[in-house]
There are 2 protein chains.
Amino acid sequence: MSVRIGIYGYGNLGRGVESAIRQNGDMELVAVFTRRDPSKLTVATEGVKVCHTDDALKMIDDIDVMILCGGSATDLPVQTPELSKYFNVVDSFDTHARIPEHFANVDASAKASGKVALISVGWDPGMFSLNRLYASAVLPEGKDYTFWGRGVSQGHSDAIRRVEGVLDAKQYTIPVEAALESVRNGENPELTTRQKHIRECFVVAKEGADLARIENEIKTMPNYFADYDTTVHFITLEELKRDHSGIPHGGFVIRSGKTGLDSEHNHIIEYSLKLDSNPEFTASVIVSYARAAYRLNQEGISGCKTVLDIPPAYLSMKTNEQLRKELL
Amino acid sequence: MSVRIGIYGYGNLGRGVESAIRQNGDMELVAVFTRRDPSKLTVATEGVKVCHTDDALKMIDDIDVMILCGGSATDLPVQTPELSKYFNVVDSFDTHARIPEHFANVDASAKASGKVALISVGWDPGMFSLNRLYASAVLPEGKDYTFWGRGVSQGHSDAIRRVEGVLDAKQYTIPVEAALESVRNGENPELTTRQKHIRECFVVAKEGADLARIENEIKTMPNYFADYDTTVHFITLEELKRDHSGIPHGGFVIRSGKTGLDSEHNHIIEYSLKLDSNPEFTASVIVSYARAAYRLNQEGISGCKTVLDIPPAYLSMKTNEQLRKELL
């Protein structure tokens, strides 16, 4: 029997979940929920119901896990506590500073309903968090580094688009190679913001706009760019569409640590991702954790969980016997 | 209160466990068990009892987790089932093909005694297994690669030492850089044994020995070297001691996988280790899993487990609240 999935929100992430479900033979997409007019939304998978979000509770008996594909700013803080009253849910809440608060809200709902709610699933938070945890538990005497990129930052691209005279823009976050090398060499450097990442911007300006002013406004923008070495390239709209339409991302989690009676031995643990599509990879992580949420709930477990709480074997389609034989 | 640890076997791994315990403030080394004469063994930590293995059962009430530091060939297949009748145990059983059998034997003992027995803990099996599992669950449409090295293979070094005319030797397993690059580029190559790793040998020959014959015997040795590109360097005993006394190791687990409705996006997940001391790193992994074994048993859980079954948070000294706040 398949795990029956609902997708709540059909943007880039929701579409990624839809395509990921097709790669998991034990999962079935039952319905997509949208705030728009359902009659005007066509989804890629045949036979899938498209429903209004207002009608979600009518599907309680038809859905084993509801995957919440809204944003962290305003959607998930409301939706995850609310929907975990009725469904096992998985979300990708990624506002790191507000995770404890979100956890508490969701835990109360999910404990009351007897459902499992898995929050902050994806790659950071998510796979990167797991790697920070494993590496720091194994090498308690050491130092962690997380680098992001090369990849598109949606927030920074949006910030450029708000500059007067800008038609469209794409911003790439890029780790500084020298910093990566120093970390990999076990030098345990103290790195400033500027020393860790550079920001590269591809900007389409409106006709007649003052390019020097735009470049200066971008480079001096507080929080977003002022603390970084930023380069700005002006390109045409055609070039932007042709060369920068993807949503790649990735990054590195590196721990450098010491062992031995005199801390004489050094060790480097490195985890890296190179992703052609940030939302599709995030969706793939979410779908494997939807399987875990379902299984845990079948065992009578409830409440809010994160990737740090989930036994790895629960993510896999394979049996424990297969996993021990083939992967251990 | 500390988790009270016993070390069963005091070779390289046992000494690594001893030094790892010093880095974990919630752990305490209570006793070291040896098959040798305990009065002739001095351990590095003051105040630790040195006991004969025959006396282990006298310490049942004093030890929370017994860490088994024997070998996989003959020690662990007997010791882990036997000692899990009395103690929570962790071993590093690494004969991949015999894991299912070992698991069954240990599970029967540990279930009967109500103890937790964690087997095959280390980095391969261990951290590499975890990464194979996570990556394949997240990217079901893809291909896994494991490379080992650059590092010392004890088995291959021993094989060289058995060649007539060889005084001492050290063998390094080295991944082929071109193969690594091809995998990282998402080319999903089919790789033969020879294409994945090369073997580099540093050999001290006895005086007057026939070097050409030794080199030929090494390079044509079935199973160990015949299927690899092998290089042999003859060096002096002094050089061997000066340049090759360490036990470094490491390796790479890489999964290349696709997502998207038309499998149009490629993703690379890479995990790598660069270890100055193979036994000390293995020991560090084991000690973090000893914490998990103790906690699980405190919760009433029993039976044989592997790294694939353990919720990551159980490895850490930090509370779940701290982990969510600091690492997620």
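All of the points below concern the structure found in this document. Everything numeric in this text was worked out from a predicted model, so none of it was measured.

### What to know about the nonpolar core
Right, on to step 1. If you look at the biggest cluster of nonpolar residues, it comprises 156 residues, and the most contacted ones within it are Tyr289 of chain A together with Tyr289 of chain B.
Right, on to step 2. Once residues lying within four places of it in the same chain are set aside, the contact partners of Tyr289 of chain B are Tyr134 of chain A together with Val90, Leu118, Val121, Leu130, Val307, Ile310 and Leu315 of chain B.

### Considerations on the sheet that holds strand S7 (residues 142–148) of chain A
Right, on to step 1. Reading across from one edge, S7(A)-S12(A)-S13(A)-S13(B)-S12(B)-S7(B) is the order of the 6 strands in this open sheet, with antiparallel pairing throughout. Each edge of the open sheet is held by one strand with a lone partner, namely S7 of chain A together with strand S7 (142–148) of chain B. Averaged over all adjacent pairs, the angle separating strand axes in this sheet is 10°, with direction ignored.
Right, on to step 2. Along the sheet, helix H4 (residues 127–138) of chain B makes contact with strand S13 (265–275) of chain A together with S7, strand S12 (249–259) and strand S13 (265–275) of chain B, crossing S12 of chain B at roughly 5°.
Right, on to step 3. Relative to S13 of chain A, helix H10 (residues 278–298) of chain B is tilted by about 70°, and along the sheet it contacts strand S12 (249–259) and S13 of chain A together with S12 and S13 of chain B.

### So, the interface of chain B and chain A
Right, on to step 1. Taken together, the 70 residues of chain B in the interface contact 70 residues of chain A.
Right, on to step 2. Of the roughly 5800 Å² buried between chain B and chain A, counting both surfaces, carbon and sulfur atoms make up 63%.
Right, on to step 3. Across the contact surface, chain B and chain A share 0 salt bridges.
Right, on to step 4. Of all elements in the fold, only helix H3 (99–113), H4, S12, S13, H10 and helix H11 (320–326) of chain B reach the threshold of two or more residues within the side of chain B that touches chain A.
Right, on to step 5. Taken together, the residues of the side of chain B that touches chain A break down into 33 nonpolar, 22 polar and 15 charged.
Right, on to step 6. Of the strand pairs in this sheet, S13 of chain A and S13 of chain B are connected by 9 bridges, and their pairing is antiparallel. Directly across from Glu270 of chain A, in S13 of chain B, lies its bridge partner Ser272 of chain B.

### Some thoughts on the packing of helix H1 (residues 12–21) of chain B against H10 of chain B
All names here are of chain B.
Right, on to step 1. As a packed pair, H1 and H10 sit with axes 8 Å apart at the nearest point and diverge in direction by 55°. It follows that H1 is oblique to H10 by the angle criterion. The interaxial crossing formed by H1 with H10 has right-handed handedness. Facing Asn12, Leu13, Gly16, Val17, Ala20 and Ile21 of H1, the residues of H10 in contact are Pro279, Glu280, Thr282, Ala283, Ser284, Ile286 and Val287.
Right, on to step 2. Counted by class, the contact of H1 with H10 contains 8 nonpolar, 4 polar and 1 charged residues.

### Some words on the environment of Ala20 of chain A
Right, on to step 1. Along the chain, Ala20 of chain A turns up in helix H1 (residues 12–21).
Right, on to step 2. Judged by its relative accessible area of 3%, Ala20 of chain A is buried.

### A short note on helix H5 (residues 154–161) of chain B
In an α-helix, one turn spans 3.6 residues; hence positions three or four apart end up facing the same way.
All names here are of chain B.
Right, on to step 1. Taken together, the buried positions of H5 are occupied by His156, Ser157, Ala159 and Ile160. All buried residues of H5 project into a common sector of 155° when viewed along the axis, lining one side.
Right, on to step 2. Buried residues along H5 sit in contact with strand S8 (151–152), strand S9 (166–175), strand S10 (197–205) and helix H8 (211–219).

### Here's the deal with the packing of aromatic side chains
Right, on to step 1. Within this structure, the stated rule accounts for 9 aromatic pairs over all chains.
Right, on to step 2. Considering the side-chain rings of Trp123 of chain A and Phe128 of chain A, the 5.2 Å spacing of their centres and the 80° angle between planes classify their relative orientation as edge-to-face.
Right, on to step 3. Judged by its relative accessible area of 7%, Trp123 of chain A is buried.
Right, on to step 4. Note on Phe128 of chain A: relative accessible area 0%, which makes it buried.
Right, on to step 5. When the ring of Tyr134 of chain A is compared with that of Tyr134 of chain B, the centres are 6.2 Å apart and the planes differ by 65°; the resulting orientation is edge-to-face. Taken as a pair, Tyr134 of chain A in helix H4 (residues 127–138) and Tyr134 of chain B in helix H4 lie in two separate chains rather than in one.

### Some remarks on the side chain of Asp124 of chain B
Right, on to step 1. Within the fold, Asp124 of chain B resides in the loop between strand S6 (116–118) and H4.
Right, on to step 2. Among the residues examined, Asp124 of chain B registers a relative accessible area of 16% and is labelled buried.
Right, on to step 3. A polar contact is formed between the side chain of Asp124 of chain B and the side chain of Arg132 of chain B, at a distance of 2.8 Å.
Right, on to step 4. Within the structure, Asp124 of chain B has its side chain in polar contact with the side chain of Trp148 of chain B (distance 2.9 Å).
Right, on to step 5. Leaving out residues up to four positions away in the same chain, Asp124 of chain B has contacts with Leu328 of chain A together with Asp94, His96, Ser129, Arg132, Thr146 and Trp148 of chain B.

Analysis parameters
Residues numbered from 1 in each chain as written. Chains lettered and ligands numbered in written order. Predicted model: local features only at pLDDT ≥ 70, side-chain atom pairs only at ≥ 80, totals over all residues. Heavy atoms only, no water. Core = buried A, V, L, I, M, F, W, Y, C linked by side-chain atoms within 4.5 Å. Buried < 20%, exposed > 50% of the residue type's maximum accessible area, 1.4 Å probe, protein only. Contact = heavy atoms within 4.5 Å. Pairing = 2+ DSSP bridges. Helix = DSSP H or I, 4+ residues; strand = E, 2+ residues; numbered from the N terminus. Axes fitted to C-alpha atoms, helices over the stretch in contact; angles between N-to-C directions. Buried area = accessible area lost by both parts, 1.4 Å probe. Salt bridge = Lys/Arg side-chain N within 4 Å of Asp/Glu carboxyl O. Nonpolar A, V, L, I, M, F, W, Y, C, P; charged D, E, K, R; others polar. Parallel < 35°, antiparallel > 145°, perpendicular 65-115°, else oblique. Left-handed = near helix turned anticlockwise from the far one by under 90°. Arc of directions from axis to C-beta. Phe/Tyr/Trp six-rings, centres within 6.5 Å; stacked < 30°, edge-to-face > 60°. Polar contact = N/O pair within 3.5 Å; in protein donor to acceptor, adjacent residues only side chain to side chain.

As far as function goes, none of this settles anything; it's purely spatial.
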